[in-house]
Amino acid sequence: QVQLVESGGGLVQAGDSLRLSCAASRRTFNSYKMGWFRQAPGKEREFVAAISWSSGSTFYAKSVKDRFTISRDNVKNTVYLQMNSLKPEDTAVYYCAAENPYNSRYDYWGQGTQVTVSL
């Protein structure tokens, strides 16, 4: 079981930056692929970015590529999402998730943090 706690959300203006953090409880955090997802009002949850356990591979949704950067610190058991050039359409609740290494599904989720981008 992995417990995840997100932080760093807030209200910003278009063009601003935010950095989200996700702290994991488990000592074996460094063996989990981690991802960020988001859900806007009235929409389904969507993939934003992911990073392999070793940070050797990163993956991004087309809508955020070149604006967002995912990273991780396996010593601090924390994964980050640096969000630059934010747009109003980035407004959503952002969730951190850990992929279960036994079934390759994101089975562990945080409670989410709200990001609101105004014009």
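As the structure is a prediction and not an experimental result, all values here were calculated from the model. (Residues numbered from 1 in each chain as written. Predicted model: local features only at pLDDT ≥ 70, side-chain atom pairs only at ≥ 80, totals over all residues. Heavy atoms only, no water.)

(A) Expanded view of the environment of A40. Along the chain, A40 falls in the loop between strand 4 (34-39) and strand 5 (46-51). Sequence separation between A40 and T116 is 76 residues; the distance between their C-alpha atoms is 9.9 Å. (Helix = DSSP H or I, 4+ residues; strand = E, 2+ residues; numbered from the N terminus.)

(B) How the structure looks around the side chain of N100. Relative to the elements of secondary structure, N100 occurs in strand 9 (residues 92-100). Of the polar contacts made by the side chain of N100, one reaches the backbone nitrogen of Y102; its length is 2.9 Å. In terms of polar contacts, N100 uses its side chain to reach the side chain of D107, at 3.0 Å. For N100, the residues in contact, after removing those within four places along its chain, are R105, D107 and Y108. (Polar contact = N/O pair within 3.5 Å; in protein donor to acceptor, adjacent residues only side chain to side chain. Contact = heavy atoms within 4.5 Å.)

(C) Region of interest: the state of the cysteines. Scanning the entire structure with this criterion turns up 1 disulfide. Covalent S-S linkage joins C22 and C96, the inter-sulfur distance amounting to 2.1 Å. Its torsion about the S-S bond being -75°, the disulfide of C22 and C96 is classed as left-handed. One end of the pair, C22, is in strand 3 (residues 18-24); the other, C96, is in strand 9, and 74 residues separate them in sequence. (Disulfide = S-S within 2.5 Å.)

(D) Local environment of the sheet that holds strand 3. Pairing is antiparallel in the open sheet, where 4 strands are placed in the order 1-3-8-7. For this open sheet the edge positions go to strand 1 (4-7) and strand 7 (68-73), each flanked by a neighbour on one side alone. On average, each strand axis in the sheet is tilted by 15° relative to the strand beside it, whichever way the strands run. In this structure, strand 7 lies alongside strand 8 (residues 78-83), joined through 6 bridges in antiparallel fashion. Paired with T69 across the bridge in strand 8 is Q82. (Pairing = 2+ DSSP bridges. Axes fitted to C-alpha atoms, helices over the stretch in contact; angles between N-to-C directions.)

(E) The packing of aromatic side chains, seen in detail. Considering all chains together, one arrives at 5 aromatic pairs under this definition. Taking 6.2 Å as the distance between ring centres and 80° as the angle between the ring planes, the aromatic pair formed by Y32 and Y108 counts as edge-to-face. A residue pair is termed long-range when its members are at least 10 positions apart, and Y32 in the loop between strand 3 and strand 4 and Y108 in strand 10 (residues 105-109) qualify at 76 residues. Overall, the relative accessible area of 6% leaves Y32 in the buried class. Taken together through their ring pairs, the aromatic side chains of F37, F47, Y106 and W109 make up a single cluster. One residue, K33, lies across the ring of F59, its end atom 4.8 Å from the ring centre. When the ring centre of W109 is taken as origin, the NZ or CZ atom of R45, which lies over that ring, is 4.4 Å away. (Phe/Tyr/Trp six-rings, centres within 6.5 Å; stacked < 30°, edge-to-face > 60°. Buried < 20%, exposed > 50% of the residue type's maximum accessible area, 1.4 Å probe, protein only. Lys NZ or Arg CZ within 6 Å of the ring centre and 35° of its normal.)

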